[in-house]
Amino acid sequence: MHNVLRFGARGDGVADDTDAVQAALDAAGSSGGGIVLCPAGQYRFNRPLRMPRRVLLRGEHRDKSLLYWSNRHFARLRGIVHGEAQFGLEDLTIWYAGAERGIENMAEVEGKSLYSTANRPEWWQEGDIVLRRLVIRWSPYAARPGWGQLSDTIELTRQLNFESLDAAGKGVAVWLCGRDIRVEDCDIYSGGFPLLLAFHSDGSLVRNNILRTGRGGLVWAQRGRKVIWEGNQMLGADNLSRAGWSTKAHPYYDQVYFRGNTVAFAQSADYEIVGSDGASPVYYGGVEAGRERAVRLRKPVRAWPFEPEGHLAFVLAGRGKGQARTVVRGSSQEIEVDRPWDVALDESSLIGINHSLRQWLMVGNLIADGDSMQMYGLNHEVVFAENRLERVGGSSEAALRFLAFQHTSDGPEAAEPSFFSQMLGNRLVAHRMDLRRFESGTAAMELSGGDVDSLGQAETPCLMNAAVLRGNHIQGGKILVSVGSQRPFRAEDLLIEDNRIDESPVGIEIGARTAGVMLRRNTLAAVVEPLAGEGIAGAWMEPGARSRHWLGSLEGVVRRLDAGAWPAIVADLPREHRPDPGTDPDAQRVALQRAAAAKVTRTLAPPHHPDLARVLWGARVEVRADPAMESLLDSGSGGEAALRVQVHPGGPDVPDCRVEVDWPRGWTALPVDGPTLGDRGAALRLPVRLPPGTFGSFSFPARVTLRVGDAPVSWQETVSVGSGSVGDWRVLGPMPADVLTRAATRLQPTRAGAWRLDEPVDLGPDGPWTWRSVARTHRLDPSGLPGGIAATPDGIVGAFMLASFVAGQDLWAELTAATGAPGGGLEIQVHLDGRELWDLRLGRETWSPKRLPLKVSQGRHWLLVTGRARRAAPDISLSIRELGVPTGGRIHPVPVGPAPPP
């Protein structure tokens, strides 16, 4: 035992104890290892401590022994405790600011390509690092001691180069690599990543810790086997915390036991609360031969991003389909796998080689307040069981999904199948509000995927095989199979049984190109559309299941409208219309629906709800303005237009449709056209004449009635017409970023009287920047500009866009800004009457529409937008519409024209 006080340490919080404590550590290392004790006290350091092998730095208790790095002179430290292997810390509290990271064994190899085996140090093979009962507090944003000014915080952040706290290691409180790492009973609060285990983290144990992530941070694991994560709390502690727990296979993360963890508050980026990722597509194609453990590939491997060992080889089609093996050795055109193939491969076999996420057991976890738990990409023999998910899933996300394909920029050969995965006994409760889009979505337990780039338009093989979804309970969500935004893929041999879905718009949705799907003993209660999707007809269900699900849906919608009406309705249904396994399912269901529709509509007085029509007949009604109406509301010229009503039937009965519209004041209804019947159902046209001078957007009520026989269902819709688009742009650009920033202060609309905005204006010494008028348009499209807009030498394209609108009275309105496709790094700033409304600098996220409710006063208003992008001029549209029903006609865009005096 080496006591640091005997080596000259004071522990009074004033003296610099760096040399004394380091001397004690070195002495223990020189004697072959041992324990270095820091008795109760406060130990101040100004340089990193270096841990020798086989040395444990121990405090008297983490409430009594405090280590802190004061960073009085804004010194930028790589880390505060550095070791290589076989060291440990326990029973201490550690405070620091101004260092890029805390406890680490990476500093001496930083800057080298760690993906290359040649650059990896030998000590990563040793590992054996222990952290127990530590409290670590780190904030890169802490101000200079004694000052506490905001400017000091900003300066410190700038000096530390923390513009992006990313996986490169900046902002990691604990960043360790090596085998047999143990982190237990620690409390870590980081300004970025609290814990990152990377490269060769085989046999690691992370248990009973509190890990709070800061800005841009998450808990991250890379490359390992036989790892345990148990009893941890992984919590976002900043509104820009990226995620809870994630792994990126480099190229494998296998045999994972993830149990009893609480993961919550992923609040930025893609909000992935628990997930996996892959990054090493290697090969996709045929084989020449594959017997025993050897495989000869039909074409060369383009590159191995990591050494071949640990990749997964999987058979997607042909002989041996469904098999997977771990690669132990590989070359440009041959691989050796860990065990013989059960079925030998031949020239018909289609094989892929990629990263490996295999044999995971994730059980008994609480996952909350993020978008999704997802195995993003390839996963084999994964079990996700008895977990609870709260407030997860967003407008286009899933609460829980096993994806079978990841489109990755790391290579075109990116088939990532999911074989033999199971979701058992999980609970999905409580919706999440997606605060990026200000809307809520349906959480889903999803098996999904897409196409494979390297195949082009060829048939995609099965990428989801032998999955089991059993005993899950989903509140307000659905089970979704083989449905996604990309081209559908094959999903085969899926068992979906003993699940319960409550109070959801859709219950079980099976997409096209599925085979061998079995639905058994599922309970769908108060689900509006129990069974959906092109593939549902080919799924096997027990006799009478469809009618039973349908009755549950009808009960749910009736109870929502009148809780006391259902017992009388179901009791009065003729017995011949009850579910009977001995009758023809389709004929039975149609008879049941017709009998129930007559009874329900006699019992329930209108107004009803559109869900009732959807349950009774599968019918949906779409009411929208025709293009002529949108054009008239943009121009204000007046004239004849129409609403188009489309009835989409979901069964053999096509309901008659009637729509009564309360047109805005001054609009004149014309004789109704229709209805007409077509392939899509019934269509109705409601003509109307708009008076001249009608601009902007309008909302008004319409009563919809659908009738089959003597059973009518009625409800009220709110019809919204007119986009409220803001037009008459005046464009200035392109220009470099610094010019754009300086010029913005000279062109605020409140001071625009110095400019004739309806004429070209030369801005002088900053360059040949002039206003360029665009013909009346409601979307800024670079191709429509005179002569186009070319990028500046630095690749930045900037533009000003000025527009105006008039409000007839004080009112509430919603301003929406939409941009072009994602990926362009678009940045926009929006000003109203010289006041900045928002500043969007979110990179790929800015493509989604941004909406802002605001109070608008009577009179004319000016909108100034500054847009900046790389390689192409910003593609931006603005619209403004009134809030409230009914509304309309009190706000409309006007030509910019000459600006008013300042």
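A short tour of the structure in this document, coming up. (Residues numbered from 1 in each chain as written. Predicted model: local features only at pLDDT ≥ 70, side-chain atom pairs only at ≥ 80, totals over all residues. Heavy atoms only, no water.)

**Focus: the side chain of Gln323**
Okay, so step 1: Mapping Gln323 onto the fold places it in the loop between strand 25 (312–317) and strand 26 (324–330).
Okay, so step 2: On the basis of relative accessible area, Gln323 is assigned to the buried category, the value being 9%.
Okay, so step 3: A distance of 2.9 Å separates a polar side-chain atom of Gln323 from the backbone nitrogen of Asp342.
Okay, so step 4: A polar side-chain atom of Gln323 sits 3.0 Å from the main-chain amide nitrogen of Val343. (Helix = DSSP H or I, 4+ residues; strand = E, 2+ residues; numbered from the N terminus. Buried < 20%, exposed > 50% of the residue type's maximum accessible area, 1.4 Å probe, protein only. Polar contact = N/O pair within 3.5 Å; in protein donor to acceptor, adjacent residues only side chain to side chain.)

**Structural notes on the pattern of salt bridges**
Okay, so step 1: Under the criterion given, the structure shown has 46 salt bridges.
Okay, so step 2: Arg212 is the partner of Asp187 in a salt bridge, and the nearest nitrogen-oxygen pair spans 3.0 Å. In this pair, Asp187 sits in strand 14 (residues 187–189) while Arg212 sits in strand 17 (residues 210–213), placing the two residues 25 residues apart along the sequence.
Okay, so step 3: Classification of Asp187 as buried rests on a relative accessible area of 12%.
Okay, so step 4: By relative accessible area, Arg212 is classed as partly exposed at 26%.
Okay, so step 5: Here Asp662 ties to Arg703 by a salt bridge, and the two come within 3.4 Å at their closest N and O atoms. (Salt bridge = Lys/Arg side-chain N within 4 Å of Asp/Glu carboxyl O.)

**Side note on the side chain of His608**
Okay, so step 1: For His608, the position within the fold is in the loop between helix 6 (585–603) and helix 7 (610–617).
Okay, so step 2: For His608, a relative accessible area of 10% translates into the label buried.
Okay, so step 3: Within the structure, His608 has its side chain in polar contact with the backbone oxygen of Leu604 (distance 2.9 Å).

**A closer look at the environment of Ser280**
Okay, so step 1: Mapped onto the elements, Ser280 comes out in the loop between strand 22 (272–278) and strand 23 (283–291).
Okay, so step 2: The buried category is assigned to Ser280, whose relative accessible area is 0%.
Okay, so step 3: As a C-alpha pair, Ser280 and Ser356 span 76 residues in sequence and 9.2 Å in three-dimensional space.
Okay, so step 4: Sequence-distant contacts of Ser280, defined by excluding residues within four places in its chain, comprise Pro251, Pro305, Phe306, His311, Ile353, Asn354 and His355. (Contact = heavy atoms within 4.5 Å.)

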